[in-house]
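Chain and residue survey
The residues making up each chain are set out below.
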Amino acid sequence: MKKMNLKKLVAFGCAAALTVSMAGCGSKADTSADAAADSTAAETEADAASGDTAEYNVAIVKQLDHASLDEIANAVAAELDQIAKDNNVTINYEIYSGQNDQTTLKQIGDQAIADGVDAIIPIATLAAQVMTVCAQDTQTPVVFAAISDPEAAELTGIDYVTGTSDALDTNKIMEMMLAQNPDIKNVGLLYSLSEANSTKPIADAKAYLDKNGISYTEQTANTNDEVIAAASALVADKVDAIFTPTDNVIMAAELAIYEDLAKAGIPHYTGADSFVRNGAFATCGVNYTDLGSQTADLAYTAMTEGMDGLEDYYVTEGGIITVNTETADTLGIDHSVFNDLGTVVEVQTSED
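Residues numbered from 1 in each chain as written. Predicted model: local features only at pLDDT ≥ 70, side-chain atom pairs only at ≥ 80, totals over all residues. Heavy atoms only, no water.

Details of the pairing of strand β8 (residues 215-220)
- Bridge analysis of strand β7 (residues 186-191) against β8 gives six bridges, and the strand direction is parallel. The residue bridging L189 from the neighbouring strand is E218, located in β8.
- Viewed along the sheet, the connection from β7 through helix α7 (residues 196-211) into β8 turns out right-handed. (Pairing = 2+ DSSP bridges. Helix = DSSP H or I, 4+ residues; strand = E, 2+ residues; numbered from the N terminus. Right-handed = clockwise from strand over helix to strand, strands pointing away.)

Right under this line is the structure:
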């Protein structure tokens, strides 16, 4: 299977529907199919009259708690509720957090499989990798969310696994940096070595900066305290800007570092709008509420129609520039400089 844009999934569904409608063109086989369809419809109506509806159980598993993953989980839950209402079915779900601990994630996954869930929706790379292992024997559908590089995470080519990717356009964020400050000399790269999501974007950022003759300073961290120390080191190095991809470790600590970065006059460019709502300066990326909704739709397809025909993963379209106006004011930056680069959405700092 190959990656497919989510719009193509819609097109795939429409094509399938068209194929079914075209099949009713006057043969004996068609008549039998119509009779079977009428029978199924009658059974469905009878079930509805008797109060019986199809029932599905889903485990939503966050890698850890922070604004990005919380936003996705809440969007998945809301869309599952809407799907249940629209299709007259019952969808039961529980939201779990693995606290960024592989052992805890494995316990959650094993219990979900023992409980006989119909699908698991893991959010972020480590959660997806662990859930894939847990579901190996039962082939329970695993529909992941927000994996920046599913191939590098070894989540492709598996019959019972699909999901959504928030692949980052790193070059676009680099272009935003230069649009805001054409004289930029040194960029800080702040990320975690434990985050598979960061590997490709950081490599892409280095390649872009090397090509444009811009130096960079790397700082890595794996805990909140380390993130704070790494951010302080970049302030001491007087970098002109900082770039962080869709890195869950850094995201979890954004509220602890954004004020010091802004007061030091250092704009923090990130991989998701949730960073920006937690105080980072700007991003150009995926809307995680949309991604969560699309993941829930995909999970329902997997539960009701099976995995046949589904792609390895679907890339959620991004390209939305999000700017924190409070942080922009502290930095003294006129963010209208981004108007020519795409649609700009303004947000303010919150803990959500």
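Re the packing of helix α6 (residues 170-180) against α7
- Axis separation between α6 and α7 bottoms out at 9 Å; the angle between their running directions is 45°. Here α6 lies oblique to α7, going by the angle between them. In the crossing of α6 with α7, the sense of the turn from one axis to the other is right-handed. Residues T170, N171, M174, E175 and L178 of α6 lie in contact with α7, whose contacting residues are P201, D204, A205, Y208 and L209. (Axes fitted to C-alpha atoms, helices over the stretch in contact; angles between N-to-C directions. Parallel < 35°, antiparallel > 145°, perpendicular 65-115°, else oblique. Left-handed = near helix turned anticlockwise from the far one by under 90°. Contact = heavy atoms within 4.5 Å.)

Describing the pairing of β7
- Along β7, six of the six residues are buried, which leaves the element largely enclosed by surrounding structure.
- Of the two faces of β7, the one holding N186, G188 and L190 and the one holding V187, L189 and Y191 are both buried throughout.
- For β7 and strand β9 (residues 241-244), the ladder comprises three bridges, and the chain directions are parallel. Looking at the pairing, G188 lines up with I242 of β9. (Buried < 20%, exposed > 50% of the residue type's maximum accessible area, 1.4 Å probe, protein only.)

Side note on the environment of T325
- Structurally, the position occupied by T325 is in helix α13 (residues 325-331).
- On a C-alpha basis, the gap between T325 and H335 in space is 8.0 Å, while along the polypeptide they are 10 residues apart.
- Residues within four places of T325 in sequence aside, it is in contact with H335, E346, V347 and Q348.

Observations concerning helix α4 (residues 102-114)
- In this model, α4 (13 residues) spans 18 Å end to end at C-alpha, consistent with the 18 Å of a helix rising 1.5 Å per residue.
- When we look at burial in α4, the residues that qualify are L105, I108, G109, A112 and I113. An end-on view of α4 places all buried positions within 130° of arc, on one side of the element. Exposed and facing more than 90 degrees away from the buried side of α4 are T103, Q107 and A114.
- Those residues of α4 hidden inside the fold are in contact with β2 (55-62), β3 (90-97), β4 (119-123) and α5 (125-134).
- The N-terminus of α4 is capped by D101, whose side-chain oxygen sits 3.2 Å from the backbone nitrogen of T103.
- A positive backbone phi angle near 75° is found at G116, which sits one or two residues after α4. (Expected span 1.5 Å × (residues − 1). Arc of directions from axis to C-beta. Polar contact = N/O pair within 3.5 Å; in protein donor to acceptor, adjacent residues only side chain to side chain.)

A look at the packing of helix α8 (residues 224-236) against helix α10 (residues 254-263)
- Axis separation between α8 and α10 bottoms out at 9 Å; the angle between their running directions is 10°. On the basis of their axis angle, the class for α8 and α10 is roughly parallel. Counted together, V227, I228, A231 and V235 of α8 and A256, I257 and L261 of α10 form the full contact between these two elements.
- Taken together, the residues of the contact of α8 with α10 break down into seven nonpolar, no polar and no charged. (Nonpolar A, V, L, I, M, F, W, Y, C, P; charged D, E, K, R; others polar.)

A closer look at the packing of aromatic side chains
- All told, the structure shown has three aromatic pairs when counted by the stated rule.
- Residues Y56 and Y300 carry aromatic rings whose centres are separated by 6.0 Å and whose planes lie at 85° to one another, so their mutual orientation is edge-to-face. With Y56 in strand β2 and Y300 in helix α12 (residues 288-305), this pair connects stretches of sequence that are 244 residues apart. Of the two residues examined, Y56 and Y300, each falls in the buried class. (Phe/Tyr/Trp six-rings, centres within 6.5 Å; stacked < 30°, edge-to-face > 60°.)

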